[in-house]
Amino acid sequence: MTGKKRIVVGMSGGVDSSVTAWLLKQQGHEVIGVFMQNWEDDNDDEYCSIKEDALDAMSVADIVGIDMEIVNFAKEYKDRVFSYFLKEYSAGRTPNPDVLCNAEIKFKAFLDYALALGADCIATGHYARKLERDGVHYLMKGVDHSKDQSYFLYRLQQQQLARAIFPLGDIHKTEVRRLAEEARLPTAAKKDSTGICFIGERPFREFLQRYLPTQPGEMVTPEGKVVGEHAGLMFHTLGQRKGLNIGGARDGNGEPWFVAGKDIPGNKLIVVQGHDHPLLLKSTLAMDDLSWTLPQAPAPGDYAAKNRYRMADAACSLSPVVDGKASLTFRDKQWAVTPGQSAVLYDGDICLGGGIIQ
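Colleague: Where do I start with the overall build of the protein chain in this structure?
Modeller: If you tally the helices and strands in the protein chain, you get seven helices and 17 strands. Relative to the compact-globule value of 21 Å for 358 residues, the protein chain shows a C-alpha radius of gyration of 22 Å, a close match. In terms of overall dimensions, the protein chain has C-alpha extents of about 65 × 50 × 35 Å along its principal axes. Expressed as a percentage of the 358 residues in the protein chain, the buried residues total 53%. Intrachain contacts of the protein chain at a sequence separation of at least 6 include 65% that bridge at least 24 residues. Of the side-chain charges in the protein chain, 41 are positive and 47 negative, and the distance between the mean point of each set is 2 Å.

Now the structure itself:
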């Protein structure tokens, strides 16, 4: 960026957003911190860290020397993200609320709030980059590919990317920690959050039961043999191994059991033995609810894609986009392709966008 800018930083109370604010302040920009409170229900129990995170963010703001506000987006979160989350789980799919949280809250509700403050742009601690060429904004992978978060940002549109910056995109995580220590930020050694953005670290099953009725049913093999019971299809996802409570040798060949599918009408969980069982391997996937980062949808052809965050890019071909739907065909079969998750398309380091797996 050239010249001094007024930049509003989304501060989560973690080390990444802390260093983001510090870097921008060091560069001479006018920086304002905003802590987003997206969840109010049971935010005082042992698993919720909202108060602790807000205090950490305020401590960082004090050291960096910037003003900070706490802004409540809980209503927007419930309306735009949480309702979708519950709807998807009720339908037997496995949604990724972090993706929707970025598109609807951090880069929409928060962006609107920041612009009302007179901001030139917003900044977050995401490990991603942005390149502008001939008036087009390209969302790029972060240089630290082990921390790259472009997958979670694939639903951002041009107007959102135009107002966003990612100061950590060219930095490795180890360097971020070092900078935090150098600046004596209280979050320098703080553990990264691994919880869903509104749930935190709380037990997932216990949380979901508060909002959706449980419907126990049978666990069956593809041939229909009953090998156990499930507490509810919503508690399980394709490829899941833990928590099935089926012994490896029970009614089988001794190999571990995995979730391979869901019979929604019959309320049955389909399980198989062996990590590489054919039902767990797919060459193609269909996706809809498409969202592209560039002004036009990508042309059919060869690309790479991720069908879950923690996976390497996989070579694939994109079909023509018809009626907001498309399909991907992979060179190598993909493991546990999960309905409700996002398939994200890449051209090298450029994140093109993607859609919801059907």
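Colleague: Teacher, can you tell me more about the pairing of strand β16 (residues 342-347) here?
Modeller: Regular strands place side chains that alternate from one sheet face to the opposite one. Most of β16 is tucked away: five of the six residues are buried. In this sheet, strand β17 (residues 350-357) lies alongside β16 in antiparallel orientation, the contact comprising six bridges. Bridging from a neighbouring strand, Ala343 pairs with Gly355 of β17. Between β16 and the antiparallel strand that follows it, β17, lie two residues; Gly348 among them carries a positive phi value of about 65 degrees.

Colleague: How should helix α2 (residues 50-64) be read in this particular structure?
Modeller: Because the α-helix completes a turn every 3.6 residues, residues three or four places apart line up on one side. In this model α2 runs 21 Å from its N-terminal to its C-terminal C-alpha over 15 residues, within 8% of the 21 Å that 1.5 Å per residue would give. Among the residues of α2, Ile50, Asp53, Ala54, Asp56, Ala57, Val60, Ala61 and Val64 are the ones counted as buried. Buried residues of α2, seen end-on, are gathered within an arc of 160 degrees and therefore sit on one face of the element. Within α2, the exposed residues directed more than 90 degrees away from the buried face are Lys51, Leu55 and Asp62.

Colleague: Would you explain the packing of helix α1 (residues 15-26) against helix α6 (residues 173-182) in this entry?
Modeller: Helix-helix packing is described using two parameters, namely the angle between the two axes and the distance between the axes. Running from N to C, α1 and α6 cross one another at 65 degrees; their axes reach a closest spacing of 10 Å. Note that α1 runs across α6; the crossing there is left-handed. Taken together, the residues of α6 that come into contact with α1 (itself represented by Val15, Asp16, Val19, Trp22 and Leu23) are Lys173, Val176, Arg177, Leu179, Ala180 and Glu182. Grouping the constituent residues of the contact of α1 with α6 by class yields seven nonpolar, no polar and four charged.

Colleague: Please explain the packing of aromatic side chains as it appears in this structure.
Modeller: Within a pair of aromatic rings, the relevant descriptors are the distance that separates the centres and the angle that separates the planes. All chains considered together, the criterion is met by 14 aromatic pairs. Pairing Phe152 with Tyr309 gives two aromatic rings, centres 4.5 Å apart and planes at 50 degrees, and the pair type is tilted. Of this pair, Phe152 sits in the loop between β6 (136-141) and α5 (158-161) while Tyr309 sits in the loop between β13 (301-306) and β14 (314-318), and the two are 157 residues apart along the sequence. For Phe152, a relative accessible area of 13% corresponds to the buried category. Their ring planes at 90 degrees and their centres at 6.0 Å tell us that Phe258 and Trp335 sit as a pair that is edge-to-face. Taken as a pair, Phe258 in strand β10 (residues 257-263) and Trp335 in strand β15 (residues 326-335) lie far apart in primary sequence, 77 residues in all. For Trp335, a relative accessible area of 24% puts it in the partly exposed group.

Colleague: Please explain the sheet that holds β10 as it appears in this structure.
Modeller: Whether parallel or antiparallel, the strands of a sheet pair through hydrogen bonds between backbone atoms. Across the sheet, which stays open at both edges, the four strands sit in the order β9-β8-β11-β10 with mixed pairing between neighbours. Strand pairing shows two members of the sheet lacking a second neighbour, β9 (226-230) and β10, which therefore form its edges. This sheet shows a mean twist of 30 degrees between the axes of neighbouring strands, independent of strand direction. Judged from the two bridges that link them, strand β8 (residues 217-220) and strand β11 (residues 268-273) form a sheet pairing that is parallel. Residue pairing in the sheet places Met219 in a bridge with Leu269 of β11.

Colleague: Can you walk me through the nonpolar core in this structure?
Modeller: Side chains of a nonpolar character, in soluble globular proteins, are inclined to be buried together. Counting 75 residues, the largest nonpolar core has Val9, Met11, Val19, Phe166, Leu185 and Leu208 as the members making the most contacts within it. Here the element with the most residues in this core is helix α4 (residues 97-116); it accounts for nine residues. In this view, Leu185 contacts Ser18, Val19, Trp22, Val60, Ile63, Val64 and Ala180; residues no more than four positions away in its chain are not counted. Grouped together as the second largest cluster of nonpolar side chains are 23 residues, Ala305, Cys316, Leu318 and Phe330 included.

Colleague: Is there a simple way to think about the side chain of Gln158 in this case?
Modeller: As for its position among the elements, Gln158 is in helix α5. Its relative accessible area of 16% is what places Gln158 among the buried residues. Apart from residues no more than four positions distant in its own chain, Gln158 is found in contact with Gly135, Val136, His137, Thr293, Leu294 and Pro295.

Colleague: Looking at this structure, how should I read a nonpolar patch on the surface?
Modeller: Judged by side-chain polarity, Leu55, Met58 and Ile70 come together as a nonpolar surface patch covering roughly 270 Å² of accessible area. If you trace the backbone, Leu55 turns up in helix α2.

Colleague: Any chance you could explain the packing of helix α3 (residues 74-90) against α4 here in plain terms?
Modeller: The contact between α3 and α4 brings their axes to 10 Å, and the two run at 165 degrees. Comparing the axis directions of α3 and α4 gives the class roughly antiparallel. As α3 runs across α4, the sense of the crossing is right-handed. Along its contact with α3, which presents Glu76, Tyr77, Arg80, Val81, Tyr84 and Phe85, the element α4 presents Pro97, Leu100, Cys101, Glu104, Ile105, Lys108 and Ala109. For the contact of α3 with α4, a count of residues per class yields nine nonpolar, no polar and four charged.

Rules used throughout
- Residues numbered from 1 in each chain as written.
- Predicted model: local features only at pLDDT ≥ 70, side-chain atom pairs only at ≥ 80, totals over all residues.
- Heavy atoms only, no water.
- Helix = DSSP H or I, 4+ residues; strand = E, 2+ residues; numbered from the N terminus.
- Rg over C-alpha atoms; globule rule 2.2 N^0.38 Å.
- Buried < 20%, exposed > 50% of the residue type's maximum accessible area, 1.4 Å probe, protein only.
- Contact = heavy atoms within 4.5 Å.
- Lys, Arg positive; Asp, Glu negative; His and termini not counted.
- Charge placed at Lys NZ, Arg CZ, Asp CG, Glu CD.
- Pairing = 2+ DSSP bridges.
- Expected span 1.5 Å × (residues − 1).
- Arc of directions from axis to C-beta.
- Axes fitted to C-alpha atoms, helices over the stretch in contact; angles between N-to-C directions.
- Left-handed = near helix turned anticlockwise from the far one by under 90°.
- Nonpolar A, V, L, I, M, F, W, Y, C, P; charged D, E, K, R; others polar.
- Phe/Tyr/Trp six-rings, centres within 6.5 Å; stacked < 30°, edge-to-face > 60°.
- Core = buried A, V, L, I, M, F, W, Y, C linked by side-chain atoms within 4.5 Å.
- Patch = residues over 30% accessible without salt bridge, like charges linked within 9 Å, V, L, I, M, F, W, Y side chains within 5 Å.
- Areas by Shrake-Rupley, 256 points an atom, 1.4 Å probe, with all protein chains shown as cover.
- Salt bridge = Lys/Arg side-chain N within 4 Å of Asp/Glu carboxyl O.
- Parallel < 35°, antiparallel > 145°, perpendicular 65-115°, else oblique.

Distances and angles like these do not, on their own, reveal function.
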